Structure formats: C-alpha cells, structure tokens
Amino acid sequence: MISLKMSNNCIVNFDNLLKKSYKELGIHNIDNSLHHAHLITIANKFSLYFKDIKTSNPYIIVLKTIAYHFQSNHILMTKNKIYDFFVTSYKYLISSLGKTESNQLESKSSRFDNIIFEICDDVLNNYNIYDDFIKIQIPNLIVDVVAIVFFKTDPYGKKVSIFQTKSYYIAKKEALLNKNYSYPSNILVTSENLPLVKDANPKNFYIKEESVLSEEIGEFTSKSNLDSMCVLNDVQFLDSNMIFRITQITKRDYSSVKRSLSTLNKKEIKKLYDICNNYNKIIKYSKFDNIKDFKLEIEQELKRSLSDKQVRHSQISIKKIQFYMENLLDNKFEPHLTHGINHVKHNFEYGYRLAGLLKNSKSDTKK
C-alpha cells in the first residue's frame, strides 16, 4: 500500500483513490499497472513535482494528476469526452465529499450552477477551433474551475469567489490561447524528488516552470520567453511547445523526440526552435502545390520579392521538412570531410531562411 501523510494529518491511500477515480470518471485507458504505478508516484509526491500547486486536497490532486497524464502524453479528447470529463469531475467531487441529495438540489438552483453551465457551454462551443496544444491543456483548466466550485480557492492557493469564477476562467483561457501561460507538461525534477525519476541527472536534464499568477485574477506573466523551459547541459533551451510541434511533424512520440534533442548541440536546437515557432506558416505553405500561389503567399508574408529559383528551392525544402527534422534528430547529416558541412542539410536550411522560417545565422552571430 502506498500512502501519503497530508498536512491535515490524515493518511491518503492514493492507490485506492486513483482506482476509484478511474471508475467514477469513466476513464479506462489509464487503468493498467504501468500507468497506475506511475500516477501513484506523481500523486504521492505531487507537492514536490508541481511547486506552484498549493492544494493538499487529495481529490483535487487526483484530478490534477489525471489531467497531467492527459497533457504529458498528448491525449487529445473529443468534444464529447471533454464534456464527460467536466461533468464527471464535478460529480466525482460531489460523491467524494459526501454531498447529500438535498445539498445537490440546493446547489442546482443557485446562481453558481448557472455560472458553471456557462463555462461548460463556452468550453464545448470553442473546443473544436482550438489547436492541439490548447486542447491538451483543457482538462487542467477544467480541474481549476471545479476546484473553485467546491473550495472557492484554485489549486494554486488563489481565493476566488463565486462571482469571480467565470472571469477567472475567461482570463486563464485567454492566457492559454495567447501563449502567456501554459500548464506544465513535464514533471519538475529537483534534488528533492530526483530519486523517483529513473536515469535522471540534475546536471543534464530538468524542467523549469516559471509562470506566475498575479494578484489580479487572470493576469498572467512569465519570467521567461519559453512557457515551459527544459535546460540541457546548462546551456541548451527547449520548451514543451517546441517538442510537441516536432512530434506533430515527425509523427514520433514525445519521449523519443526529447531523447533525440538531448544529443544535439545548442546551435541545432535553436534551428528547430525557430522552425517550430513558425509551425502555422509551415502548415499554410505546405497546402500550396501551385508554384504561383505559393510564390504570392510567401512574398506577401515576407513583404519582399523572391526569384522563381528561390521560390522553388523554398517550396521543396518545406515539402520535405519531416525528412529534414528526422535526419537532424538522428544525427544523420554528417559533415563533408573537406568542406566541414553537409550540403543536403545546408540546402534545406537555405530554403527555410528564404521563407523566413529560420533566422539568419550571420545575424545571430553578430548578436
């Protein structure tokens, strides 16, 4: 039996609590020994893994642990599944906290439930227009809202009244959409919790989440330009958004991409970071098969003209971006012994620079 002594001196058995939650929440894909053991570890060390979360409530920790699992594994839920998660999370807390039938009926007639209905309606109406990076964060946002419903405090220790719930939700949603804030999609590895993480070396790999919630509800700032920043060898910077974009392009799993990135030098990682920051342009440009349409679109974006030869070069590079990324991740671009560069790689990157997807290396050097 694995249990945790909480600040209120009660012993919480997360083994049983998680198993109970799978059934009540209707979640079946994570109720197996491998995932279950991993989630127990997270729940038992939750305050060490997620420093910004202040709650010690075991039921909110269970919901946050499950939401973390969805996000870190990039599990994209359908709109129906998101609705189910919202409703069942609400019901899960009702049953777990021992609400009576009369209390439920009283709650349904309150203004508070109207606010919850409006929030749920907003989630469903907009869900399909969100990109995948936002969708995988919605379960975490839902848990924040239901935490306020029952405890009038969000999981981060911010007191929120009934009348502030909707404005809190809207502000946090907008912060996610504007990339001013993101929920951590990786565990924070520190000297305190490192023994629980296999093959981890704090000098080589750790995740740093530095977004903070200001005193005014919904105002989010970040201490870094990267939402979730991973530092490799103290000098190489990655963020979870970039890794997610690479998984979308290469069709590789998140862990595989992260391992491959750990073998690259800072210069190569910076190139991938620049390209991933232009992911939306890549998607847009990839749709153009006609060279004239492609040329028109790219020149409008760049606000300058390109020769036909440059346009064709750029289009070919963009069409083969998956090939470029996979070879870069696998260190297959071996430099020529005489010239010290790989001409195939060099030609790809020239095409990306022409399209404005990759910063000019010379200007970076000057900086």
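Residues numbered from 1 in each chain as written. Predicted model: local features only at pLDDT ≥ 70, side-chain atom pairs only at ≥ 80, totals over all residues. Heavy atoms only, no water.

### Brief notes about empty space enclosed by the protein
Argument step 1. Summed over the entire model, instances satisfying the criterion amount to 1 cavity of 30 Å³ or more.
Argument step 2. In this structure, the largest cavity encloses a volume near 80 Å³.
Argument step 3. What lines the largest cavity is Phe46, Phe50, Asp52, Ile53, Lys64, Tyr68, Asn140, Tyr156, Tyr181, Tyr183 and Pro184. (1 Å grid on protein atoms, 1.4 Å probe; cavity = no way out; pocket = protein on both sides within 12 Å on 5 of 7 lines; lining within 4 Å. Points joined across faces, edges and corners; volume = space filled by probe spheres on them.)

### Brief notes about the packing of helix H13 (residues 266-277) against helix H18 (residues 343-354)
Argument step 1. Where H13 contacts H18, the axes come no closer than 12 Å and their chain directions differ by 40°. Crossing angle aside, the handedness with which H13 passes H18 is left-handed. Residue-level contacts link Glu268, Lys271 and Ile275 of H13 to Lys345, Glu349, Tyr352 and Arg353 of H18.
Argument step 2. Across the contact of H13 with H18, the residue classes tally to 2 nonpolar, no polar and 5 charged. (Axes fitted to C-alpha atoms, helices over the stretch in contact; angles between N-to-C directions. Helix = DSSP H or I, 4+ residues; strand = E, 2+ residues; numbered from the N terminus. Left-handed = near helix turned anticlockwise from the far one by under 90°. Contact = heavy atoms within 4.5 Å. Nonpolar A, V, L, I, M, F, W, Y, C, P; charged D, E, K, R; others polar.)

### Details of the packing of aromatic side chains
Argument step 1. Going through the model one piece at a time under the given rule, you end up with 12 aromatic pairs.
Argument step 2. Their ring planes at 80° and their centres at 5.4 Å tell us that tyrosine 181 and tyrosine 183 sit as a pair that is edge-to-face. Of the two residues examined, tyrosine 181 and tyrosine 183, each falls in the buried class.
Argument step 3. For the ring pair phenylalanine 348 and tyrosine 352, a centre distance of 6.4 Å and an interplane angle of 10° mean the geometry is stacked. In this pair, phenylalanine 348 and tyrosine 352 are both assigned in helix H18, 4 residues apart and thus about one turn of the helix distant.
Argument step 4. On the accessibility criterion, phenylalanine 348 (8% relative accessible area) is buried.
Argument step 5. Taken together, the ring pairs connect Phe323, Tyr324, Phe333, Phe348 and Tyr352 into an aromatic cluster.
Argument step 6. A cation over a ring is seen here: lysine 135 above tyrosine 127, with NZ or CZ 5.3 Å from the ring centre. (Phe/Tyr/Trp six-rings, centres within 6.5 Å; stacked < 30°, edge-to-face > 60°. Buried < 20%, exposed > 50% of the residue type's maximum accessible area, 1.4 Å probe, protein only. Lys NZ or Arg CZ within 6 Å of the ring centre and 35° of its normal.)

### Points about helix H4 (residues 58-72)
Argument step 1. Taking 1.5 Å per residue as the helical rise, H4 with its 15 residues ought to reach 21 Å, and the 21 Å between its terminal C-alpha atoms agrees with that figure.
Argument step 2. Counting buried positions over the 15 residues of H4 gives 14, a clear majority of the element.
Argument step 3. The opening residue of H4 is asparagine 57, an N-cap whose side-chain oxygen sits 2.9 Å from the backbone nitrogen of tyrosine 59.
Argument step 4. Looking one or two residues past H4, histidine 74 carries a phi angle of roughly 55°, positive in sign. (Expected span 1.5 Å × (residues − 1). Polar contact = N/O pair within 3.5 Å; in protein donor to acceptor, adjacent residues only side chain to side chain.)

### Comments concerning the packing of helix H17 (residues 321-329) against H18
Axes are the key here: two packed helices are described by the angle between their axes and the distance separating the axes.
Argument step 1. Remark: H17 packs on H18, axes separated minimally by 11 Å, with the N-to-C direction vectors making an angle of 130°. Comparing their axes, H18 and H17 come out oblique. H18 is crossed by H17, and the crossing has left-handed handedness. On H18, the residues touching Ile321, Phe323, Tyr324 and Leu328 of H17 are Lys345, Phe348, Glu349 and Tyr352.
Argument step 2. Of the residues contributing to the contact of H17 with H18, the split by class is 6 nonpolar, no polar and 2 charged. (Parallel < 35°, antiparallel > 145°, perpendicular 65-115°, else oblique.)

### Some points on the side chain of serine 21
Argument step 1. Following the sequence through the fold, serine 21 ends up in helix H1 (residues 14-25).
Argument step 2. For serine 21, a relative accessible area of 0% translates into the label buried.
Argument step 3. Engagement of the side chain of serine 21 in a polar contact is seen with the backbone oxygen of leucine 18, the distance being 2.6 Å.
Argument step 4. Apart from residues no more than four positions distant in its own chain, serine 21 is found in contact with Gly26, Val62, Ile66 and Tyr92.

### Structural notes on the pattern of salt bridges
Argument step 1. Throughout the structure, instances matching the rule amount to 17 salt bridges.
Argument step 2. In this structure, the salt-bridge partner of lysine 64 is aspartate 144, at a minimum N-O distance of 2.8 Å. Of the two residues, lysine 64 sits in helix H4 while aspartate 144 sits in helix H9 (residues 138-151), which places them 80 residues apart along the sequence. An identical accessibility class is assigned to lysine 64 and aspartate 144; each is buried.
Argument step 3. Ionic pairing is found between aspartate 274 and lysine 270, a salt bridge with its closest N-O pair at 2.9 Å. With aspartate 274 and lysine 270 both in helix H13 and 4 residues apart, this pair spans about one turn of that helix.
Argument step 4. Judged by its relative accessible area of 34%, lysine 270 is partly exposed.
Argument step 5. Taken together, the shared-partner salt bridges connect Glu268, Lys271, Lys345 and Glu349 into one network. (Salt bridge = Lys/Arg side-chain N within 4 Å of Asp/Glu carboxyl O.)

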